[in-house]
Amino acid sequence: MALQNQVLFAKDSVYIHINVSDTQDKDAHIPGRVFLLQKTDGHYVEWKAEEVLNLESQADQDWAVIGSVSYKSEREGDSVSMNAKMDARRKYNISFDLLDLKSFKRSAPNHGWAYIIFILKDGTTFPALHFHNGGSKALLKELEKFIHIRRSPNDQRLFIVQEHDPDMLSKSFDELQLFSESSGRLVSNFIRDPYTATMGSFSKVTNFLRDVLMSENPQTRPKEEVAELLHDDLPGMEISHQDEPGFEVVTKTKLPPRPTVQRGDPLNAQQWASYFDADGCIKQLDELKETIFRGGIDPAIRSEVWKYLLGYFSWDSTLKKRQEERKRKVDDYFRMKLQWKTISPDQERRFAVLRERKGLIDKDVNRTDRTQKFFSGDRNQNLQVLYDILMTYCLYNFDLGYVQGMSDLLSPVLVVMENEVDAFWCFAGLMERMCQNFEMDQGGMKKQLTQIQKLMQVYDPELYTYLESHDSGNFYFCFRWILIHFKREFHFHEISRLWEVLWTDLPCQNFHLIFSLAILDTEKSTLIENKFGFTEILKHINDISLTIPMEEMLKKAEGIFLQMKQYKKLPPAVKEILGLQPPSPESSGSSAAGTPATREPSPFPGPGPAPNGVSAISNGTNPSSPDDSSIEILTDTTDSAATANYRYKH
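The present account deals with the structure reproduced in this document. (Residues numbered from 1 in each chain as written. Predicted model: local features only at pLDDT ≥ 70, side-chain atom pairs only at ≥ 80, totals over all residues. Heavy atoms only, no water.)

Notes on the overall build of the protein
Counting its secondary structure elements, the protein contains 23 helices and 11 strands. When burial is assessed residue by residue, the protein has 57% of its 650 residues classed as buried. Contacts in the protein between residues at least 24 apart in sequence constitute 74% of all its contacts with a sequence separation of at least 6. For the protein, the exposed area adds up to about 28000 Å²; of that, 48% sits on carbon and sulfur atoms. (Helix = DSSP H or I, 4+ residues; strand = E, 2+ residues; numbered from the N terminus. Buried < 20%, exposed > 50% of the residue type's maximum accessible area, 1.4 Å probe, protein only. Contact = heavy atoms within 4.5 Å. Areas by Shrake-Rupley, 256 points an atom, 1.4 Å probe, with all protein chains shown as cover.)

A short note on the pairing of strand S9 (residues 158-162)
Along S9, 4 of the 5 residues are buried, which leaves the element largely enclosed by surrounding structure. Pairing of strand S5 (residues 101-106) with S9, which is carried by 3 bridges, proceeds in the antiparallel orientation. Directly across from serine 103, in S9, lies its bridge partner isoleucine 160. As judged from the 4 bridges shared by strand S8 (residues 148-151) and S9, these two strands associate in the antiparallel manner. (Pairing = 2+ DSSP bridges.)

Describing the environment of lysine 91
Mapping lysine 91 onto the fold places it in the loop between helix H3 (84-90) and strand S4 (94-97). Separated by 43 residues in sequence, lysine 91 and lysine 48 place their C-alpha atoms 9.5 Å apart.

Some thoughts on the pairing of strand S1 (residues 6-17)
Of all the 12 residues making up S1, 9 are buried; the element is thus mostly covered by neighbouring parts of the structure. Pairing analysis gives 9 bridges linking S1 to strand S2 (residues 29-39), with the strands arranged antiparallel. What sits directly across from tyrosine 15, in S2, is proline 31. Sheet topology places S1 next to strand S7 (residues 129-131); 2 bridges connect them, and they run antiparallel.

Let's talk about helix H13 (residues 381-396)
Owing to its 3.6 residues per turn, the α-helix aligns residues three or four sequence positions apart on the same side. Helix length check: H13, at 16 residues, gives a terminal C-alpha distance of 23 Å against a target of 22 Å (1.5 Å per residue), a fit within 8%. Extensive coverage of H13 is indicated by the burial of 13 of its 16 residues. One side-chain oxygen at the N-terminal end of H13 lies 2.8 Å from the backbone nitrogen of asparagine 382; it belongs to asparagine 380. (Expected span 1.5 Å × (residues − 1). Polar contact = N/O pair within 3.5 Å; in protein donor to acceptor, adjacent residues only side chain to side chain.)

Here we look at the sheet that holds S5
The antiparallel open sheet is built from 9 strands, whose spatial order is S4-S3-S2-S1-S7-S6-S5-S9-S8. Two strands lie at the open edges of the sheet, namely S4 and S8, each paired on one side alone. The sheet shows a mean angle of 30° between the axes of neighbouring strands, taken without regard to direction. Helix-sheet contacts for helix H4 (residues 136-143) involve S1, S2, strand S3 (42-49), S5, strand S6 (114-120) and S7, and the interaxial angle to S6 is about 35°. (Axes fitted to C-alpha atoms, helices over the stretch in contact; angles between N-to-C directions.)

So, helix H17 (residues 461-469)
Of all 9 residues in H17, 7 are buried; the element is thus mostly enclosed. Every buried residue belonging to H17 is among Pro461, Leu463, Tyr464, Thr465, Tyr466, Leu467 and Glu468, and all of these are buried. Following H17 by one or two positions, aspartate 471 has its phi on the positive side, about 60°.

A word on the packing of aromatic side chains
Considering all chains together, one arrives at 29 aromatic pairs under this definition. Taking the centre distance of 4.9 Å and the plane angle of 80° together, the rings of phenylalanine 374 and phenylalanine 375 count as edge-to-face. Grouping residues by exposure puts phenylalanine 374 and phenylalanine 375 together as buried. Here the aromatic rings of tryptophan 499 and tryptophan 503 are separated by 6.0 Å at their centres, their planes lie at 35°, and the arrangement is tilted. The class of tryptophan 499 is buried, set by a relative accessible area of 1%. A relative accessible area of 3% places tryptophan 503 in the buried class. Every member of this aromatic cluster is reached through a ring pair, and the members are Tyr333, Phe334, Tyr393, Tyr396, Phe424, Trp425 and Phe427. Taking NZ or CZ as reference, lysine 329 lies 5.6 Å from the ring centre of tyrosine 312, over its face. The ring of tryptophan 425 has lysine 329 sitting right over it, with the charged end atom 4.3 Å from the ring centre. (Phe/Tyr/Trp six-rings, centres within 6.5 Å; stacked < 30°, edge-to-face > 60°. Lys NZ or Arg CZ within 6 Å of the ring centre and 35° of its normal.)

Side note on unusual backbone geometry
For the bond from leucine 506 to proline 507, the omega torsion is -10°, close enough to zero to count as cis. Backbone geometry at serine 13 places phi at a positive 55°, although glycine is not the residue there. Among the structural elements, serine 13 can be located in strand S1. Accessibility expressed as a relative area gives 16% for serine 13, which makes it buried. Backbone geometry places glutamine 284, a non-glycine residue, at a positive phi of 55°. Assignment of secondary structure puts glutamine 284 in the loop between helix H7 (269-274) and helix H8 (285-295). Judged by its relative accessible area of 48%, glutamine 284 is partly exposed.

Quick look at the pattern of salt bridges
As enumerated under the stated definition, the model contains 35 salt bridges in all. When the shortest N-O distance is used, the salt bridge between aspartate 155 and arginine 157 registers 3.7 Å. There is no split in this pair, since aspartate 155 and arginine 157 are both buried. Of the charged contacts in the structure, one is a salt bridge between arginine 488 and aspartate 408, with a shortest N-O distance of 2.8 Å. One end of the pair, arginine 488, is in the loop between helix H18 (479-483) and helix H19 (492-502); the other, aspartate 408, is in helix H14 (residues 406-417), with 80 residues separating them in the sequence. Per residue, the accessibility class of arginine 488 equals that of aspartate 408, and both read buried. (Salt bridge = Lys/Arg side-chain N within 4 Å of Asp/Glu carboxyl O.)

On their own, these measurements won't tell you what the molecule is for.
Below you can see the structure in the form of structure tokens.
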């Protein structure tokens, strides 16, 4: 009797790279085996963690054996005997039908172990499979028998699967020079960090964006209207005249070459000490901020420098003034904390707003960054501190209170500060910067998404036109990026570096928007070559979280800023976004949609002023958390021989 499943190819020592922050973690690289299988319903690529394979029954004869390689199916009984560690590893297992494969990426030459990233038609992007002992070429040679590909003209590492055509199968992968790259042995710099969901499913944010944001704007505009709008607003663009009368597509902006920029070393303790005068005041503030922007801050002094960046201490304060300020802040914090701690159950029964916020905080705290050592385990006291700070903030800023997503912003601050009072006041300063993201009417978020849209119209009209024609022209897929400033997109230890760079407000206050532009520029070929639509774009952007090379994106984003700054025909609205001219009266408000709704005044006024006109998301919907996929994406940002050599000035 013919066997139902056959192994056509198998290779061991194929790893998925993961890590939290500890390089000694034995799970940093999960070993596994990759298979090409022939099943009754098609041909499948599968990857399984090695430990799972070793624990499965050796008696299962459902699979054929070809050569010395065997493949065994999973059984329901295995899940009962798996310990927690094995269960955690099994979630990385991969299985997909070749008919669902849309494209794949290969590693660039001399970038560590060869890897392959598979991307499906629905936008799913799987973790990079690293071939530590070779075999990636052999696997793709086998795939050649069942699919035909073409190399992307815009990204030499991207290959698009063509629709099945028997006449095309004769074309060899070798003709596409698929295997011409030499393989290196460098350890990958970008490895997977498992992250636990804390703010709801991806489907919820998709629905939220459709219901809340799209309610005021149509999903698409007529192509004629798009072309006319771009042509009128953005002078200096090249227009492609199509056969269809009345339709013009913007294809290119004549921007200057993008300069090559360099990153620097982190601000260290010796440098930090040199910026204080005899009275303890900061001197040469512009130079200090540029140093932080260029390289971030050494973790050894991060907690001290963050107090200045987040307004805990003023830059011009003396040592004596800071000592007095510290004492006052300690007293103020514990007085506010006592206010909610001493509310009796009877009082709380008649205090609906407090009960609601308390319930949200309790729920979110218990699922915030639990994979991080600082918050892991049962009865972790750091979770209680996280809870107490958020509850106290509700009393400090009663108008805003608590909105889901704030726990994500507080978590890294508490890890860095390791002190309840310091973490509270730094978090309060962070919320001063980001309060517009949590307005009840989402005016601040809409404004920023519109600003990304305007930037993209100038920087890359081709990508903008593609997104607009695929129901994504309003950049709703960037919602999570902006809401919590990329907290979910980078490893935990990376987000501290990114945030401190953004907090310098260099080269402009909207640098986080240009940073978004840099990521989208990197993903442009993948989105367009795969012909992704609205749903696929959302899914792909979600799947690349925790895989984005941060330093490369910072260099690219700065280069984009300089490139656009040198463009002499920037529209006034874009100049405002880039901080190159003062905002107009129409755009200087805190909200893009008028004055936000306010809440009832606080019955417990805090000791300091709260942000004005700020309120919370009304429906409690959260942005999605990323799944456990991983991709390694390396980017070449050297578009010009020009080098940026300058200092930013306020």
